[in-house]
Amino acid sequence: MTAVDERISQAERLYEQGVFGGDHAAFAEADRNLDAVEADLALARGRIAHARFVAQQVEPEEELALFERAGAIYERLGDVRGQAEALFWTGAYHQAVRGDEGVARPILERALDLARSVGDDLTASYALRHLGILDHKAGRLREARAHLEESTRLRDEYDFAPGVGANHVALARIAAEEGRRKDAAKLLQSAGVLANDTDSYGLMDWIIDARKELGIGWVAAPRPGAGEAPRSGA
């Protein structure tokens, strides 16, 4: 049973407890459970809307409202982990969909702070990655590398291999700009191994794009069958 299923089942039990058992305090607890379900659903729908934008490059009208709705509910419930995740996706929306980096940065920084406060290393890794991307675009290569390296360490500890590979591509671009072409080639080779091992064909397309742009050839041929590479949220 999923967490959502459990909360709905609990709400049903609380209904009976309140109606037949006369425990009217059960209604407030049921409301909290259902609010949590609503937040989880809004966050999940927002992520799908964002993935659809990545694939089709058509701005979804509902995406931002979904993330903000989820964040507001999580905050009201005192769910810091959920709030951190909703804030990350809100920041990613402003960064990737709207291209408004000035708005995105403080939201991503807040998401990182909250994720760290509750030990949510995965969400922290996402926020760090996107802060690194912002730094890279602004020409702050040292800061970009530091953010991406910390994100990679967290993802490696989390055993999030495709996410590590995505970061290696970003770090390879930085290495190339810094004149460290051998390091860039090693990073792309590592990313390719991770993409092959996890059947991450979208990531492999991303690697192919980076190799073409940086003029770095293949040591071994990539696995065929790739789809379109992810552009944000990875």
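Below is a short write-up of the structure.

Cut-offs applied
- Throughout, residues of each chain are indexed from 1 in the direction in which the sequence is written.
- It should be noted that, the model being predicted, local features are given only for residues of pLDDT at least 70 and side-chain atom pairs only at 80 or more, the latter also being counted only at that level, while totals for whole chains, interfaces and linings use all residues.
- For the side-chain quantities, the full set of heavy atoms in the structure was used; hydrogens and water were omitted.
- Starting at the N terminus, helices and strands are each numbered in turn, a helix being any DSSP run of H or I of at least four residues and a strand any DSSP run of E of at least two.
- Throughout this description, buried means an accessible area under 20% of the type-specific maximum (1.4 Å probe, protein chains only), exposed means over 50%, and partly exposed covers the range between.
- Helix span is expected to be 1.5 Å times the residue number reduced by one.
- Here, two residues are considered to be in contact whenever any of their heavy atoms come within 4.5 Å of each other.
- Lines fitted to the C-alpha atoms define the axes, with helices restricted to the stretch that makes contact. Angles between their N-to-C directions range from 0 to 180 degrees.
- Here the angle decides the label: under 35 degrees means roughly parallel, over 145 means roughly antiparallel, 65 to 115 means roughly perpendicular, and every other value means oblique.
- Charged means Asp, Glu, Lys or Arg here, nonpolar means Ala, Val, Leu, Ile, Met, Phe, Trp, Tyr, Cys or Pro, and polar covers whatever is left, Gly included.
- The salt bridge criterion pairs a side-chain nitrogen of Lys or Arg with a carboxyl oxygen of Asp or Glu, the two atoms within 4 Å.

1. Structural notes on unusual backbone geometry
Inference 1: Of note in this structure, Gln-57 is not a glycine but carries a positive phi near 55 degrees.
Inference 2: Looking at where Gln-57 falls in the secondary structure, it is placed in the loop between α2 (26-56) and α3 (63-77).
Inference 3: Although it is not a glycine, Asp-199 adopts a positive phi angle of roughly 55 degrees.
Inference 4: In this fold, Asp-199 is placed in the loop between α9 (181-197) and α10 (201-214).
Inference 5: Residue class for Asp-199 comes out partly exposed when judged on its relative accessible area of 43%.

2. Here we look at α10
Inference 1: With 14 residues, α10 ought to run about 20 Å at 1.5 Å a step, and its terminal C-alpha atoms sit 20 Å apart, in line with that.
Inference 2: Close packing links the buried residues of α10 with α6 (121-137), α8 (161-177) and α9.
Inference 3: Directly after α10, the chain includes Gly-215, whose backbone phi takes a positive value near 70 degrees.

3. A closer look at the packing of α8 against α10
Inference 1: Interhelical geometry of α8 versus α10 gives an angle of 10 degrees and a closest axis separation of 10 Å. Classified by the angle their axes make, α8 and α10 are roughly parallel. Judged by residue contacts, Pro-162, Gly-165, Ala-166, Val-169, Ala-172, Arg-173 and Ala-176 of α8 engage Leu-203, Trp-206, Ile-207, Asp-209, Ala-210, Glu-213 and Leu-214 from α10.
Inference 2: Considering only residue class, the contact of α8 with α10 consists of ten nonpolar, one polar and three charged.

4. Structural notes on the pattern of salt bridges
Inference 1: Under the defined criterion, the tally for this structure stands at 14 salt bridges.
Inference 2: Taking the shortest distance from any N to any O, the salt bridge between Glu-150 and Arg-116 comes out at 2.8 Å. With Glu-150 in helix α7 (residues 141-157) and Arg-116 in helix α5 (residues 101-117), this residue pair connects regions lying 34 residues apart in the sequence.
Inference 3: As a salt-bridge pair, Glu-157 and Arg-153 come within 3.2 Å of each other at their nearest N and O atoms. Placement of both Glu-157 and Arg-153 in helix α7 is noted, with a separation of four residues, approximately one turn of the helix.
Inference 4: Residue Arg-153 is classed as partly exposed on the basis of its relative accessible area, which comes to 41%.
Inference 5: Put simply, Arg-105, Glu-109, Asp-135 and Arg-140 are held in one network by salt bridges that share partners.

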